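# Residue-level structural notes
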Amino acid sequence: MEGLHRFLATFFDPAMIEAHTLAVLAGVWITLEIGLAVIVAGIGLGLLLACLRTYGRRFFNFFIVCFADIFRALPPLVLILILYFGLPSAGILLSGPMVLFLVLSLTLAAFAEEIFWAGFSAIDKGQWEAGIATGLGFTGTLFHVALPQALRLATPPLVNRVLAITKMTALGSVIGVEEVLSAATTAQSFSGSATPLSLAAIAYLIIFLPVVFLARFLETRQRWGRA
Amino acid sequence: MTNRPMLEIVALEKRFGTNTILKGIDLKVSEGELVFVIGPSGSGKSTMLRCCNRLEEPSGGDIIVNGRNIMSGTTADLNRMRLQVGMVFQGFHLYPHMTVLDNVTLAQRKALKRSRPEADARAMDMLENVGLAHKAKAYPSELSGGQQQRVAIARALALDPKVMLFDEPTSALDPELVGSVLKVMKDLRDKGMTMLVVSHEMGFARETADRVVFMDGGVIVEEGTPDEIFGAPKAERTRAFLARVKN
């Protein structure tokens, strides 16, 4: 009984909840803003690159593959530190949120490109032939025939990847972006209570659980027709 | 059938690396004619067919459709020419993410720029012809192979092609479904469509073909009426092939 009381006092102290909820909520807002921007830019760029790659131009594809491989290999934290602490020495000053947005959206774009590309690769060659034989041309077939099928195949792995990368907005706490975790750690160091960290955990659950449910839902319905 | 050539294949060559698949093919298909191509696998018959709309890029020679050479001109010209050459594949290749109706209207709307109501009306006519108007709202996965192939034929016909190419249209079908597809092809022939057919349906060839072409090793070995080819083949290779097919 003593143990439980202490646990609650540490992680769910009512006074601390009252004092710091607003600060964490402000962090939620920033996490959502940066997260949404990363999702839109990352998926958009990844899709664009995967579409370009279907044209099979060796010159472009070399750069696309290099980009995807490098950004999938590098830990985002390393890039964040380089851009935030390294670039100013070269005379380029980027704000914390901008660095976080750039690094995460490029990382997501790299993964998204590979996921969309896998979707394109899984489409039967006959689909392209049917489109081209009916006069749609390569670009018409890409947009009307291949892309809708690739999107469908790509959605479940893409949602998982979006989840993994938008969670990394928490890395913003290292470079002073006032997102959820940053707001919570600040409150924690001022108050000496772990309760703000619990609030952060709850906030992350509220933000990301719906995305997890969405991923699960999308994985269960994958067919056309008889769905 | 008239004597006006609708599809002319002139000195067609195709090489993959050092491997020569087609060694100078010359073939004319007149307006309203049904030409049947037979031959052992690897003889180049499908490759020849696929060169006729440049799904396969010829290494040499010319393809002339309705008096125009499709080997010259821009990409836009080529896409316009492809509208005149309908193609039916062994594997159907319907778009799985679209209803039957949308499968038949897509190229009408996007390539021919027909309005949605116009394309729908045309599609329903074509589906009616192949006996599948009642499946317009279904998805391809809900159809049998024979039904899918008939939709694929309707999809090609909706673009008002001058020539129809059939690449082993019944080879992927269960035996009991073959008849429905052959019937549609026969109707099409009776309406005067120009057709070039690669297939192993010898009985159908006998019954409907105006001319039968036997290919082997990348050349046309022999051509003639069905009676000539099936009844009294001149070349030894033709005889050997027909003997193998009969058994």
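The shown structure was predicted, so the numbers you read here are calculated from the model rather than taken from an experiment.

Along its length, chain A carries nine helices and zero strands. Ordered by position from the N terminus, the helices and strands of chain A form the series α-α-α-α-α-α-α-α-α. For 227 residues, the compact-globule estimate of 2.2 N^0.38 gives 17 Å, and chain A exceeds it by more than 25% at 22 Å. Its C-alpha atoms put chain A at 75 × 55 × 25 Å along the principal axes. Here chain A holds 227 residues, and the buried ones make up 43% of them. Contacts spanning at least 24 positions in sequence make up 77% of the contacts within chain A whose residues lie at least 6 apart. When the accessible surface of chain A is totalled, it reaches about 11,800 Å², and 72% of it is carbon and sulfur. Taking the average location of the 13 positive side-chain charges in chain A and that of its 12 negative ones, the two points are 15 Å from each other.

Residue and element names in this part refer to chain B. Counting 46 residues, the largest nonpolar core has Ile38 and Met164 as the members making the most contacts within it. With sequence-adjacent residues up to four places away left out, Ile38 is seen in contact with Lys45, Ser199, Met202, Val212, Val213, Phe214, Met215, Ile229, Phe230, Phe241 and Leu242. Judged by nonpolar contacts, the second largest core, of 40 residues, contains Leu22, Ile63, Val65 and Leu106.

So, about the pairing of strand E9 (residues 211-216) of chain B. Residue and element names in this part refer to chain B. The buried fraction of E9 is high, at six of six residues. In the sheet, strand E3 (residues 34-38) pairs with E9 via four bridges, with the strands oriented parallel. Paired with Val35 across the two strands is Arg211, which belongs to E9. A loop of two residues connects E9 with strand E10 (residues 219-224), the two strands running antiparallel in sequence, and Gly217 in this loop sits at a positive phi of about 60 degrees.

Residues and elements named next belong to chain B. Taken in spatial order, the six strands make up an open sheet running E6-E7-E8-E3-E9-E10, and their pairing is mixed. Each edge of the sheet is formed by a strand with only one pairing partner; in this case those strands are strand E6 (85-88) and E10. Strand-to-strand twist in this sheet, taken as the mean axis angle between neighbours without regard to direction, amounts to 20 degrees. Strand contacts of helix H6 (residues 175-190): E3, strand E7 (163-167) and strand E8 (194-198), with the helix running at about 150 degrees to E8, the strand carrying the most contacts.

Here we take up the interface of chain B and chain A. Residue-level contacts link 24 residues of chain B with 21 residues of chain A. Summed over both sides, the interface between chain B and chain A buries roughly 1,900 Å², with carbon and sulfur atoms accounting for 62% of that surface. One can count one salt bridge joining chain B with chain A. A:Glu129 is the partner of B:Arg50 in a salt bridge, and the nearest nitrogen-oxygen pair spans 2.7 Å. Of all the secondary structure elements, the ones that give two or more residues to the side of chain B that touches chain A are helix H2 (75-83), E6 and helix H3 (100-110) of chain B. Here the side of chain B that touches chain A is built from residues that sort into 14 nonpolar, five polar and five charged.

All names here are of chain B. At a closest axis distance of 8 Å, the pairing of H3 and helix H5 (residues 145-157) adopts a crossing angle of 25 degrees. Here H3 lies roughly parallel to H5, going by the angle between them. The chirality of how H3 crosses H5 is right-handed. For the pair H3 and H5, the contacting residues are Val100, Asn103 and Val104 in the first and Val151, Ala154 and Arg155 in the second. Residues belonging to the contact of H3 with H5 are distributed by class as follows: four nonpolar, one polar and one charged.

Quick look at the environment of A:Leu147 now. Residue and element names in this part refer to chain A. Its location among the elements puts Leu147 in helix H7 (residues 137-166). On a C-alpha basis, the gap between Leu147 and Cys51 in space is 8.2 Å, while along the polypeptide they are 96 residues apart. Other than its neighbours up to four places away in sequence, Leu147 contacts Leu47, Cys51, Phe120 and Leu142.

Definitions and limits used
Residues numbered from 1 in each chain as written. Chains lettered and ligands numbered in written order. Predicted model: local features only at pLDDT ≥ 70, side-chain atom pairs only at ≥ 80, totals over all residues. Heavy atoms only, no water. Helix = DSSP H or I, 4+ residues; strand = E, 2+ residues; numbered from the N terminus. Rg over C-alpha atoms; globule rule 2.2 N^0.38 Å. Buried < 20%, exposed > 50% of the residue type's maximum accessible area, 1.4 Å probe, protein only. Contact = heavy atoms within 4.5 Å. Areas by Shrake-Rupley, 256 points an atom, 1.4 Å probe, with all protein chains shown as cover. Lys, Arg positive; Asp, Glu negative; His and termini not counted. Charge placed at Lys NZ, Arg CZ, Asp CG, Glu CD. Core = buried A, V, L, I, M, F, W, Y, C linked by side-chain atoms within 4.5 Å. Pairing = 2+ DSSP bridges. Axes fitted to C-alpha atoms, helices over the stretch in contact; angles between N-to-C directions. Buried area = accessible area lost by both parts, 1.4 Å probe. Salt bridge = Lys/Arg side-chain N within 4 Å of Asp/Glu carboxyl O. Nonpolar A, V, L, I, M, F, W, Y, C, P; charged D, E, K, R; others polar. Parallel < 35°, antiparallel > 145°, perpendicular 65-115°, else oblique. Left-handed = near helix turned anticlockwise from the far one by under 90°.

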